[in-house]
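# A structural walkthrough
Residue strings, one per chain:
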Amino acid sequence: MKIMYIGVYPLWYEKAGGGAEDIQKFAELMTKKGHEVHLGNSVFKGKNMEINYHKLNYVRIPFKNILLYPRPAELEMLISKMKPDIIHHFIKYGFSTEQLRKKRKIKVPTINSVISLTTPQVGHSCLGLLIRGKLISFLSSLCEIYSLKNADRVIATTYALAKAISRESKIPLDKISIIPRGIDIDKFKRQSWSRVERNLILFAGRLEETKGVEYIIKSMKYILREVPDAKLTIAGDGQKKEEFKKLAEEIAPKKVEFLGKVPHDEMSEWYARCNVFVMHSRFEGFGAVTVEAMASARPVVASRTGGSIDIVKNNETGILVKFGDVKGIADAIVKILKDEELAKRMGERGRKRVEREYSWEKVIESVEKLYRELL
C-alpha cells in the first residue's frame, strides 16, 4: 500500500507539537509493515528511516507565521507524481487535499486524524470566536471543519472528541472511528514506588488558560492545610507563565516549582518522582500526558471533561473532578496523598489499562484496518 501523510513539521523540528509525534509514529510503523510511505511537511525533503519526506509551501496567516495547509497547486503536483492509494492528513492541514477532491482534481480516499479541536478547547463556537475577535482561532476552526466534513473517514482519539467533532462539523458519528493515540509503553515504563518524592504533585502542559493551571495552583491553599509538606511541580511553558508564578507566590509561597519546558525524553523521570499527576483542562481531546503518567503507574486527578472521561476510570485509575472546582481538586489530591496503598492500586490499574488499550502496536493495527476498509 502507498500511503501519503500530510502534516506540517517533522517530529525532530523545534516547532513540532503533539500531532507531529502521531504522524511520525504512523509513518515509521507503516514502513515497518512493508508499506511505501510519503510525508508532506513544511521544512524537510529527503529520506529518513525509510520514510520519503516532501517539502511543501504552506498558506500562512500574515504577520503570525502560522501555517494553515499546503498550497493546493503544489500538493496536486505531488499527489499526481506519487499516486498514493490513501491520504491521511491531520485536522486543518487536510484543507487543500479536500479542496482538490471537491474540485475532482484528485481521486484518492482520505482520512483526517484529530487529536484536539479548537472550539471545545476555548469554550466558544466558530461564530463565537469571530464575534470575540479571535481571528486566528476562527480561521483555524474554519479549516478544521472543512477538512473534517469532506474527508471519507475521521479518526477521533476519544468518544468525547468524536461527539465534539460531530457537533461542530455536522457530520454523523458513524463517519468517525475512535482510535486512541498510542503511547510508547517501553519508554514510559512502570515506575517503582520507591522512586516517589513524598507528596510531590505534578502538572505537565502548556501554561495557558484552557489548561486550568490557575485552579490547580489555587487548590494548594486547601492541600497544604491537610498535607503541609505537599509541593506542586509545574512542567511547561506558555503565555500565562508569569501570571501563574505571581498567583503561586500569593497562594503557596515556596510550594510551587516552575520547571519551564521539559524535553519529552526527560518526562519519564518526573512521572517516576511524582506522588500524583494532575491535569485540569477545560477540554482535552485525548491528554497524552495523562496516559504517560498512567503508563508510569501513577494515580491521576483530572477534570471530568473531554477525553479524560474516557481515559481515567473514576476511583479506579484516578479521580475525576468538575472543571473549575478548586476544593474538589484539593480533596482528590489529599485523598491520594494520605493513602499510599490507594495511590499504588490506582497507579497499577492505570498501567495495566495503558498496556491493554494504548500501546502503539494496538493503535497501528486499527489504523491499518481502516485503510484497507477504504480501498
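Please read these numbers as outputs of a predicted model, since none were measured by experiment.

### Comments concerning the pairing of strand β15 (residues 300-303)
Burial along β15 is two-sided: Val300 and Ala302 facing one way and Val301 and Ser303 facing the other are all buried. Summarising the sheet, strand β14 (residues 276-279) and β15 pair through three bridges and their orientation is parallel. By the bridge assignment, methionine 279 is partnered in β15 with alanine 302. The β-α-β motif built from β14, the intervening helix α11 (residues 288-295) and the parallel element β15 has right-handed crossover chirality. Where β15 and strand β16 (residues 318-321) come together, four bridges link them in parallel fashion. By the bridge assignment, valine 301 is partnered in β16 with isoleucine 319.

### Overview of unusual backbone geometry
One non-glycine residue with positive phi stands out, namely glutamate 50, at about 70 degrees. Examined against the element boundaries, glutamate 50 turns out to sit in the loop between β3 (46-48) and β4 (51-55). Backbone geometry places asparagine 199, a non-glycine residue, at a positive phi of 60 degrees. As for its placement among the helices and strands, asparagine 199 is situated in the loop between β10 (176-178) and β11 (200-204).

### Focus: the packing of helix α8 (residues 213-226) against helix α9 (residues 241-251)
For the pair α8 and α9, interaxial distance at closest approach is 9 Å and the crossing angle is 10 degrees. Relative to α9, the element α8 is oriented roughly parallel. Pair α8 / α9 crosses with right-handed handedness. Only Phe244, Leu247, Ala248 and Ile251 of α9 make contact with α8, whose side of the interface consists of Val213, Glu214, Ile217, Lys218, Met220 and Lys221. When grouped by side-chain class, the residues that make up the contact of α8 with α9 number seven nonpolar, no polar and three charged.

### Thoughts on the environment of alanine 151
The residue alanine 151 is located in the loop between α6 (135-150) and β9 (153-156) in this model. Classification of alanine 151 as buried rests on a relative accessible area of 3%. Between the alpha carbons of alanine 151 and histidine 89 there is a distance of 9.2 Å; along the sequence they are 62 residues apart. Those residues within four positions of alanine 151 in sequence are excluded, and the remaining contacts are His89, Glu98, Arg101, Thr110, Asn112 and Lys175.

Rules of the game
- Throughout, residues of each chain are indexed from 1 in the direction in which the sequence is written.
- With pLDDT at 70 or above as the cut-off, local features in this predicted model cover only qualifying residues; side-chain atom pairs require 80 or more to be listed or tallied, and sums for whole chains, interfaces and linings still use all residues.
- As a rule here, side-chain values cover all heavy atoms of the structure and leave hydrogens and water aside.
- Relative accessibility under 20% of the residue-type maximum defines a buried residue, over 50% an exposed one, and the middle range a partly exposed one, all with a 1.4 Å probe and only protein chains included.
- Counting from the N terminus, the helices are DSSP H or I runs at least four residues long and the strands are E runs at least two residues long.
- DSSP-based pairing: two strands are paired if at least 2 bridges between them are found.
- Crossovers are marked right-handed if the path from the first strand over the helix to the second runs clockwise, as seen with the strands pointing away from the viewer.
- Helix axes are fitted only over the stretch in contact, all axes being lines through C-alpha atoms; the angle between N-to-C directions runs from 0 to 180 degrees.
- To sort the angles, those under 35 degrees are grouped as roughly parallel, those over 145 as roughly antiparallel, those from 65 to 115 as roughly perpendicular, and the leftovers as oblique.
- By convention the crossing between two helices is left-handed if the near helix lies anticlockwise of the far one by an angle smaller than a right angle, and right-handed if it lies clockwise.
- In what follows, a contact means two residues having at least one pair of non-hydrogen atoms within 4.5 Å.
- Any residue that is not Ala, Val, Leu, Ile, Met, Phe, Trp, Tyr, Cys, Pro, Asp, Glu, Lys or Arg is counted as polar, Gly included; the first ten are nonpolar and the last four charged.

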